[in-house]
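Tertiary structure, described
Letter by letter, the chains look like this.
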Amino acid sequence: MHVLVTNDDGVAAPGLAALARALSELGRVTVMAPSKNWSASGHVKTMHKPLRVAEVVLADGTPALATSGAPSDCVALALLGVVTEPVDLVVSGINPNCNLGYDVTYSGTVTAAMEATIFGVPAVAVSTDHRAEIGFDAPARVAARVVERALAAGWPRGVLLNVNVPALPEAAIRGVRVTRQGLRPYRDALDARLDPRGVPYYWIGGDPPTGVHEPGTDFAALEDGCVSVTPLHLDLTAYAAHDGLEAALGGMPWPS
Ligand code: MN
């Protein structure tokens, strides 16, 4: 098996190297990641400027490719042929903050996995709420075990897995739960300031998001000390609203 490992925190991030080390137990690993931090960049396709790829070496000696593109660009470049050997699995992370609920729409970690899904390649995003005393090696080993088992069971078509690992010693983790996206109340606040010329500028500030502890959700699994595995797909259709809208609009006389 050939695994492509990427992330959104940049090629120097410690979570990337830990993930590459853990996944090397499952197969051969190619690391291709952005040269800078793209956290909260969403799903990007760079179309109006060239993309560069450079050979680099990670702090632990792992060879890697650093690109000038976004996380999703890295996956596209690799799967379009910059990486010549076919890729069987794409794993993105480890992000140092969990990606829960609507976070997945902002997350470069998750959107890298989404890009692989568009190419029809099984993909996983891995995140944890990083704590120095836990580090990234334990969450990486946990993620590798989950991925190995999910692959053996047969990968659901068009699905990526959003894996969030609690920042606990491996022995303290209470199990693996397959979950749905929970609710993540954002507490963003506008921070308006004046530049030295008196012109206003803005930061999107405020406090970090919280979460609602609803059974079955990603947030609740983590609060309960479990690994959360959320299957995601890219079909954002609101099926629950479809029939009601069809009744209201589908028979709309046209031209009126
Ligand atoms: Mn990140």
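Below is a short write-up of the structure.

**As for helix H2 (residues 71-82)**
- Under the 1.5 Å per step criterion, the end-to-end length of H2 is only 15 Å for 12 residues, more than 12% shorter than the ideal 16 Å.
- By the burial criterion, the buried members of H2 are Pro 71, Ser 72, Asp 73, Cys 74, Val 75, Ala 76, Leu 77 and Ala 78.

**Points about the environment of Asn 99**
- With respect to the helices and strands, Asn 99 occurs in the loop between strand S5 (89-95) and helix H3 (103-106).
- Once the C-alpha coordinates of Asn 99 and Ser 127 are considered, the two residues, 28 residues apart in sequence, prove to be 6.3 Å apart.
- Ignoring anything within four residues of it in the chain, the contact list for Asn 99 reads Val 104, Ser 107, Thr 109, Val 110, Ser 127, Asn 162 and Asn 164.
- A distance of 3.0 Å separates the side chain of Asn 99 from the side chain of Ser 127, its partner in a polar contact.

**With respect to the nonpolar core**
- In this structure, Leu 23, Val 91, Val 124, Val 126, Val 163 and Val 227 are the most contacted members of the largest nonpolar core, which totals 36 residues.
- The biggest single contributor to this core is helix H1 (residues 14-23), with seven residues.
- Those residues in contact with Val 126, other than ones at most four positions away along the chain, are Leu 19, Val 91, Ser 92, Gly 93, Ile 94, Asn 95, Thr 109, Ala 143, Val 163 and Val 165.
- In terms of nonpolar packing, the next biggest core, distinct from the first, is built from 21 residues, Val 83, Val 87, Val 104 and Leu 232 among them.

**Overview of the sheet that holds S5**
- Ordered in space as S3-S4-S2-S1-S5-S6-S7-S11-S8, the nine strands form an open sheet in which the pairing is mixed. Whereas interior strands pair on both sides, the edge strands pair on one side only; in this sheet they are strand S3 (53-57) and strand S8 (176-178). Strand-to-strand twist of the sheet, defined as the mean angle between neighbouring strand axes without regard to direction, takes the value 25°.
- In this sheet, strand S11 (residues 227-232) lies alongside S8 in parallel orientation, the contact comprising three bridges. When the bridges of S11 are listed, Val 176 appears paired with Val 227.
- Against the sheet, H2 contacts strand S1 (2-6), strand S2 (28-34), S3, strand S4 (63-67) and S5, and its axis sits at roughly 130° relative to S2.

Definitions and limits used
- Every chain's residues receive numbers from 1 upward, in the order its sequence appears when written.
- Local features in this predicted model are restricted to residues of pLDDT 70 or higher, and side-chain atom pairs are both shown and tallied only at a pLDDT of 80 or more, whereas totals for entire chains, interfaces and linings draw on every residue.
- Side-chain descriptors were evaluated using all non-hydrogen atoms of the structure, hydrogens and water having been removed beforehand.
- Starting at the N terminus, helices and strands are each numbered in turn, a helix being any DSSP run of H or I of at least four residues and a strand any DSSP run of E of at least two.
- Each residue after the first adds 1.5 Å to the expected span of a helix.
- Exposure categories follow from relative accessible area, calculated using a 1.4 Å probe and restricted to protein chains: below 20% of the type maximum is buried, above 50% is exposed, and the middle band is partly exposed.
- Any two residues whose heavy atoms approach within 4.5 Å are treated as being in contact.
- N or O atoms within 3.5 Å of each other form a polar contact, as long as, within protein, one can give a hydrogen and the other can take it, and as long as residues adjacent in sequence are counted only when both atoms are side-chain atoms.
- Nonpolar core, defined: a set of buried Ala, Val, Leu, Ile, Met, Phe, Trp, Tyr and Cys residues in which side-chain atoms within 4.5 Å join the residues together.
- Here a strand pair is declared whenever DSSP counts at least two bridges between the two strands.
- Axis lines are fitted to C-alpha atoms, over the contacting stretch for helices. Their N-to-C directions set the angle, which ranges from 0 to 180 degrees.

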